[in-house]
Amino acid sequence: MTYTSRKKSGIALLLTVFFIMLITVSLGVGLKYINSSSKSMQNESFMLQSRVIVDDFLKILKTSPDLAAVKDTDSLAIFLAQSSLLPFANKDVKVLVEISSARSKIDPTVLLDKPKMELFKSFLVNNMINVEYADLLSDVLGGIKEDGVYNTDIFNEYPNLFRDYLSSVEHLDKVNEIYKNKYHDNSIDAVDFTELFYMSNDHNRTIDLNYATPLAWEYMIGCDKIRAESLVEGSGTYTNVADISLSDDENRSLSNFKVSFFEPIVNVKISINKKNENAVIIFEYNITSKKGSNFVFKV
């Protein structure tokens, strides 16, 4: 590592420490507030206080000059490595903050593109899953057909099933259950498709190859698990395709996808637990624009 790289890494690490200290203080205040009202707290007030914590955390993200200094591959890699899992507690309230790249997985709607669909079918075959699963997903992603012609008869039995895109993990789980029941194939359970697909209504997405998951690599370049894991080991160090040392065939497959090596967009998951009450808030945060988006609130 060069002196410049070491200097960047040191600065990024220092900034990460300040960032963690800042959210520790802020979330500590929020947790104390929840505990102070515990006697009168009902489910609605727990949701309100959960929102307060999220709002405080968003304010930290937006106003922190330290986070704004994350402007390159090195600083982003160190920030994510140091801030990936942040637990906080105050009496009987526990908060867990998980931060990861929001550009590590595949947008399922890419399967509507024929070359990418063919790659996906090869991925299924390599994982011993029937290619009928690809047809099922194609129907769920393709919207309402005016002529009523689909690849499968899924909508005959489930006419109200959402069919514009995969909207959530629960939506994906429903599709997988339909597949297993229809084709009597449980081999799909061997693949965690939540590690391949990123569910969102934002379909203009670029994959950050520094954070691509093993399943994303398997799909994009048609490699096996061992090869995919070796590519993940280089995460955070890639600056161009040449750094990855792909074969000609792998390069050709990868060329089908929109990729980059620095996407300063993180996925934030905040889990809040108080006795028998739980809330999970998930959203994306764009470090450059300082904007949160795609909020999901689960209780």
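In this report, the structure presented in the accompanying data block is examined. Small disclaimer: the values here were computed from a predicted structure and weren't measured.

### Observations concerning the side chain of Ser-253
- Topologically, Ser-253 is positioned in helix α11 (residues 248–254).
- We classify Ser-253 as buried; its relative accessible area is 14%.

### Some remarks on the pairing of strand β6 (residues 277–286)
- Looking at chain direction, strand β5 (residues 265–274) and β6 are connected through ten bridges and run antiparallel. The partner of Asn-267 across the bridge, within β6, is Glu-284.
- Note that β6 and strand β7 (residues 291–298) share six bridges and pair antiparallel. When the bridges of β7 are listed, Val-280 appears paired with Lys-298.
- With antiparallel pairing between neighbouring strands as the criterion, β6 and β7 make up a hairpin whose turn holds four residues, including Lys-290 at a positive phi of roughly 60 degrees.

### Looking at the packing of aromatic side chains
- A full pass over the atoms with the stated rule returns 14 aromatic pairs.
- A ring pair is formed by Phe-123 and Tyr-219, whose centres lie 6.3 Å apart and whose planes are at 75 degrees; its orientation type is edge-to-face. Of this pair, Phe-123 sits in helix α5 (residues 114–126) while Tyr-219 sits in helix α9 (residues 214–221), and the two are 96 residues apart along the sequence. The same class applies to Phe-123 as to Tyr-219, namely buried.
- With 4.9 Å between their ring centres and 65 degrees between their planes, Tyr-150 and Phe-155 make a pair best called edge-to-face.
- Taking relative accessible area as the criterion, Phe-155 reaches 8% and is therefore assigned buried.
- Through a chain of ring-to-ring contacts, the aromatic side chains of Phe-120, Phe-123, Tyr-133, Tyr-179, Tyr-183, Phe-193, Phe-197, Tyr-219 and Phe-257 assemble into a single cluster.
- Lying over the aromatic face of Tyr-183, Lys-182 brings its terminal NZ or CZ to 5.5 Å of the ring centre.

Parameters and conventions
- The residue numbering used here restarts from 1 in each chain and proceeds along that chain's sequence as written.
- Two thresholds apply to this predicted model, a pLDDT of at least 70 for residue-level local features and 80 or more for giving and counting side-chain atom pairs, whereas whole-chain, interface and lining totals are computed over all residues.
- The side-chain quantities take in all heavy atoms of the structure and omit both hydrogens and water.
- Helix and strand definitions here come from DSSP, where helices need a minimum of 4 consecutive H or I residues and strands a minimum of 2 consecutive E residues; each element is numbered from the N-terminal end.
- Accessible area is worked out with a 1.4 Å probe on protein chains only. A residue is then buried under 20% of its type maximum, exposed over 50%, and partly exposed in between.
- Pairing between strands requires that DSSP locate at least two bridges from one strand to the other.
- Pairing of aromatic rings covers Phe, Tyr and the six-membered ring of Trp, with a centre-to-centre limit of 6.5 Å; geometry is then stacked below 30 degrees between planes, edge-to-face above 60, and tilted otherwise.
- Criterion for a charge above a ring: Arg CZ or Lys NZ at most 6 Å from the ring centre, at most 35 degrees from the ring normal.

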